[in-house]
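Coordinates in review
Residues per chain, in single letters:
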Amino acid sequence: MRQLLATPSQLGPLLKSGRRAAGLSQTELANRMGISQSRISHMELHPESVSLEQLLALFGLLGMELMVQSRSDASASQEW
């Protein structure tokens, strides 16, 4: 999966789809992260509340990675 993330509101659906693609319930993901299921739900519904540390941990558990590039590089490559 390749997804452009430009606004915080896009993160919630991305986390949810990544979790589902990994075959994990909110409870299973929460157990692996050592947090509550309600916190996972809150992250998916209110992605602006996710810290960078939590985001990187989530991505790691979901088999995802974060790549940052300049906008000029993204538009030049037109891979999005």
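As annotated in an unreviewed UniProt entry, the protein chain is HTH-type transcriptional regulator/antitoxin HipB from Variovorax soli.

The next point concerns the UniProt feature "domain: HTH cro/C1-type" (unreviewed entry) in the protein chain. Sequence positions flagged by UniProt for "domain: HTH cro/C1-type" (unreviewed entry) are, in local numbering, residues 15-66. Summarising residues 15-66: 65% helix, 0% strand, and an end-to-end C-alpha distance of 12 Å.

Right, let's get into a nonpolar patch on the surface. A cluster of nonpolar side chains, L52, L56, L66 and V68, forms an exposed patch at the surface whose accessible area comes to about 420 Å². With respect to the secondary-structure elements, L66 resides in the loop between α4 (52-61) and α5 (71-77). Relative accessible area serves as the criterion here: at 43%, L66 is assigned to the partly exposed category.

Right, let's get into empty space enclosed by the protein. Evaluated as defined, the whole model comprises one cavity of 30 Å³ or more. Here the largest cavity defines a volume of roughly 40 Å³. As for the largest cavity, its lining consists of L15, L29, I40, M43, E44, L58 and L62. Tallying contributions element by element places helix α3 (residues 37-45) first for the lining of the largest cavity, with three residues. Looking at the lining of the largest cavity residue by residue, the classes come out as six nonpolar, no polar and one charged.

A few words now on helix α2 (residues 26-33). Within the sequence span of α2, burial applies to Q26, L29, A30 and M33. Down the axis of α2, the buried set is contained in an arc of 100 degrees. They therefore lie on one face. Residues of α2 that are exposed and point over 90 degrees away from its buried face: N31 and R32. Structurally, α2 contributes buried residues whose contacts are with α1 (11-21), α3 and α4. One or two positions beyond α2, positive phi appears at G34, with a value near 75 degrees.

Another point: the pattern of salt bridges. What the rule picks out here adds up to one salt bridge. For R19, the salt bridge goes to E44, with nearest N and O atoms at 2.6 Å. Linking R19 in helix α1 with E44 in helix α3, this pair joins segments that are 25 residues apart in sequence. The buried category is assigned to E44, whose relative accessible area is 12%.

Cut-offs used in this document
Residues numbered from 1 in each chain as written. Predicted model: local features only at pLDDT ≥ 70, side-chain atom pairs only at ≥ 80, totals over all residues. Heavy atoms only, no water. UniProt positions renumbered as here; feature names shortened; annotations may be inferred. Helix = DSSP H or I, 4+ residues; strand = E, 2+ residues; numbered from the N terminus. Patch = residues over 30% accessible without salt bridge, like charges linked within 9 Å, V, L, I, M, F, W, Y side chains within 5 Å. Areas by Shrake-Rupley, 256 points an atom, 1.4 Å probe, with all protein chains shown as cover. Salt bridge = Lys/Arg side-chain N within 4 Å of Asp/Glu carboxyl O. Buried < 20%, exposed > 50% of the residue type's maximum accessible area, 1.4 Å probe, protein only. 1 Å grid on protein atoms, 1.4 Å probe; cavity = no way out; pocket = protein on both sides within 12 Å on 5 of 7 lines; lining within 4 Å. Points joined across faces, edges and corners; volume = space filled by probe spheres on them. Nonpolar A, V, L, I, M, F, W, Y, C, P; charged D, E, K, R; others polar. Arc of directions from axis to C-beta. Contact = heavy atoms within 4.5 Å.

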